[in-house]
Amino acid sequence: MGTVRYLEIADALRRAILSGEHPVGSQLPSESDLAAQWSASRGTVRQAVATLASEGLIGSRQGARRIVLRHERRHSFGELNSFAQWAEGLGHEAASRFLSRTRRPATVEEAERLALEPGAEVLAVLRLRLLDGEPTMVERTAYPGWIAAAVEAMPEDCRSIMDLLAQDSGVVAHYGEHLIDALPAGSEDARLLEVRRGTPLLRQRHASATAAGRPIEWSDDRYRAGSVVFSVSNSSVATPLERRAGDGWTEAASGTA
């Protein structure tokens, strides 16, 4: 009950911040006021407020009333959430369209990431993702043969491939790794994202696997600049983020498609 309650309060506060009800630079109501408003304990409210602080929406200073810092669309790698779950959790409308689904031999990198024999067949998917009706991300994903038919059967406007795989096929992502870098938009990306060719894009390559370690997908996602901010929280006790020369950033637990 307490866990659900603090998430409910965090979601309501997040929506209020993103809608502008609490402008950048303003103070949130005190913990005691929020506890009274929600008929909740101070501890539950404190958990909700800490959640927003971890997302970078409000200041993290303890004791004083929290200051609203930003209204950015932040995607945290602390949880295995799909693009649609993340967007809708922040109060945005997520949509997507399959542009192509083609079976072909795996590239060398795809075979390595999906633990396949060289040249094994994969399903290559090209998809356009939108936030609030605006083209936000171009997604190129390779799926191994054992789940290709399930992805091929999904509707063209499928909200989330991973959500449908979990719901209809019992395939659930438990592990993930992300590599983040930037690159200029090529002709196809520029056309789909409605930007000029050569415009910098934020690229996120990621792999996900089942609890048994069986690879599910290898994806190359390219975001329009300014559409999303990725956040990673770490500490001196646990630092899942690593820096690799030439490869960008990677971390152990991450989001899914």
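In this report, we go over the structure that sits alongside the text. Counting of residues starts from 1 at the beginning of each chain's written sequence and follows it residue by residue. In keeping with the model being predicted, local features are shown solely for residues with a pLDDT of at least 70 and side-chain atom pairs are shown and tallied solely at 80 or more, while totals for entire chains, interfaces and linings include all residues. To get the side-chain values, take all heavy atoms of the structure and skip hydrogens and water.

Some details on the overall build of the chain
And step 1. Helix and strand assignments come from DSSP, with helices taken as H or I runs of at least 4 residues and strands as E runs of at least 2, each series counted from the N terminus. Per the secondary structure count, the chain includes eight helices and 10 strands.
And step 2. Note on exposure labels: buried denotes an accessible area under 20% of the residue type's maximum, exposed denotes more than 50%, and partly exposed covers the range between, all computed with a 1.4 Å probe on protein chains only. Per-residue burial over the chain gives 46% buried out of 257 residues.
And step 3. For the chain, restricting intrachain contacts to residue pairs at least 6 apart in sequence, the fraction spanning at least 24 positions comes to 64%.
And step 4. All accessible-area figures derive from a Shrake-Rupley calculation using a 1.4 Å probe, and residue coverage is judged against the displayed protein chains alone. Accessible surface computed for the chain: about 12600 Å², of which carbon and sulfur atoms make up 50%. In what follows, a contact means two residues having at least one pair of non-hydrogen atoms within 4.5 Å.

As for the packing of helix 6 (residues 145-152) against helix 7 (residues 161-169)
Packed helix pairs are characterised by how far apart their axes lie and by the angle those axes make with each other.
And step 1. A fitted line through C-alpha atoms serves as each axis, taken over the contacting stretch for helices, and the angle formed by two N-to-C directions is quoted from 0 to 180°. As a packed pair, helix 6 and helix 7 sit with axes 11 Å apart at the nearest point and diverge in direction by 100 degrees. By the angle between their axes, helix 6 is roughly perpendicular relative to helix 7. On the side of helix 6, the interface is formed by Ile-147, Ala-150 and Val-151, while helix 7 contributes Ile-161, Leu-165 and Ser-169.
And step 2. Amino acids are sorted into nonpolar (Ala, Val, Leu, Ile, Met, Phe, Trp, Tyr, Cys and Pro), charged (Asp, Glu, Lys and Arg) and polar (every other residue, Gly among them). Looking at side-chain class alone, the contact of helix 6 with helix 7 contains five nonpolar, one polar and no charged residues. In this scheme, roughly parallel covers angles under 35 degrees and roughly antiparallel covers those over 145, while 65 to 115 is roughly perpendicular and the rest are oblique.

What to know about the pattern of salt bridges
And step 1. Salt bridges, as used here, are contacts in which a Lys or Arg side-chain nitrogen is within 4 Å of a carboxyl oxygen on Asp or Glu. Following the criterion strictly, the structure yields 20 salt bridges and no others.
And step 2. Note that Arg-5 is salt-bridged to Glu-8, the shortest N-O span being 3.3 Å. Highlighted residues: Arg-5 and Glu-8, both in helix 1 (residues 2-18), separated by three residues, approximately one helical turn.
And step 3. Bridged by salt links that share partners, the residues Arg-140, Asp-181, Glu-188, Asp-189, Arg-203, Arg-205, Asp-220 and Arg-222 form one connected network.

Describing unusual backbone geometry
Glycine aside, residues mostly have negative phi angles, and peptide bonds mostly take the trans form.
And step 1. Although it is not a glycine, Ser-39 sits at a positive phi angle of roughly 50 degrees.
And step 2. Within the element layout of this structure, Ser-39 appears in the loop between helix 2 (31-38) and helix 3 (42-54).
And step 3. Residue classification places Ser-39 among the exposed residues on the basis of a relative accessible area of 68%.
And step 4. Unusually for a residue other than glycine, Ala-115 sits at a positive phi of about 55 degrees.
And step 5. By the secondary structure assignment, Ala-115 is in the loop between helix 5 (108-113) and strand 3 (121-131).

A short note on the side chain of Arg-222
And step 1. Residue position: Arg-222 is located in strand 7 (residues 215-224).
And step 2. We define a polar contact as two N or O atoms separated by no more than 3.5 Å, with the added condition that, inside protein, one atom must be a possible hydrogen donor and the other a possible acceptor, whereas residues neighbouring each other in sequence contribute only through side-chain atom pairs. One polar contact links Arg-222 to Asp-189, side chain to side chain, over a distance of 3.0 Å.
And step 3. Apart from the residues lying within four places of it in its own chain, the contact partners of Arg-222 are Thr-136, Met-137, Val-138, Arg-140, Leu-183, Asp-189, Leu-193, Leu-201, Leu-202 and Arg-203.

Quick word on helix 2
And step 1. Residues of helix 2 that are buried: Glu-31, Leu-34, Ala-35 and Trp-38. Taken end-on, helix 2 shows its buried residues confined to a sector of 100 degrees, consistent with a single buried face. Summarising the geometry of helix 2, the exposed residues directed more than 90 degrees from the buried face are Ala-36 and Gln-37.
And step 2. With its phi angle positive at about 50 degrees, Ser-39 sits one or two positions after the end of helix 2. Directions pointing from the helix axis toward each C-beta atom define the arc.

Here we look at the environment of Arg-205
And step 1. For Arg-205, the location among the structural elements is in strand 6 (residues 200-209).
And step 2. Using a relative accessible area of 11% as the deciding quantity, one classes Arg-205 as buried.
And step 3. A C-alpha to C-alpha distance of 9.4 Å links Arg-205 and Thr-141, two positions 64 residues apart in sequence.
And step 4. At 3.4 Å, the side chain of Arg-205 and the side chain of Asp-181 are in polar contact.

Quick notes on the nonpolar core
And step 1. In this structure, Ile-9, Ile-17, Val-45, Leu-52 and Ile-58 are the most contacted members of the largest nonpolar core, which totals 18 residues.
And step 2. If you list the elements that add at least two residues to this core, you get helix 1, helix 2 and helix 3.
And step 3. Within this scheme, the nonpolar core is defined by two criteria: the residues are buried Ala, Val, Leu, Ile, Met, Phe, Trp, Tyr or Cys, and they are joined through side-chain atoms within 4.5 Å. By size, the runner-up hydrophobic cluster in this structure holds 16 residues, among which are Val-125, Tyr-143, Ala-148 and Ile-216.

Considerations on the packing of aromatic side chains
Two measures describe an aromatic ring pair: the distance that separates the ring centres and the angle between the ring planes.
And step 1. Centres within 6.5 Å are what make two rings of Phe, Tyr or Trp a pair, Trp counting through its six-membered ring; a difference in plane orientation under 30 degrees is then read as stacked, over 60 as edge-to-face, and the rest as tilted. Counted by the stated rule, this structure contains zero aromatic pairs.
And step 2. If you follow Arg-127 out to its NZ or CZ, it ends over the ring of Phe-98, 5.6 Å from the centre.
And step 3. Whether a charge sits over a ring depends on NZ of Lys or CZ of Arg being within 6 Å of the ring centre and within 35 degrees of the ring normal. Here Arg-214 stacks its cationic end above the ring of Trp-146, 3.9 Å away from the centre of that ring.

Thoughts on the environment of Leu-57
And step 1. Among the structural elements, Leu-57 can be located in the loop between helix 3 and strand 1 (74-76).
And step 2. Sequence separation between Leu-57 and Leu-18 is 39 residues, and the spatial gap between their C-alpha atoms is 8.9 Å.

What about helix 6?
And step 1. Taken together, the buried positions of helix 6 are occupied by Ile-147, Ala-148 and Val-151. All buried residues of helix 6 lie within an arc of 130 degrees about the axis, which places them on one face of the element.
And step 2. Contacts from the buried residues of helix 6 go to strand 2 (94-105), strand 3, strand 4 (134-144), helix 7 and strand 7.

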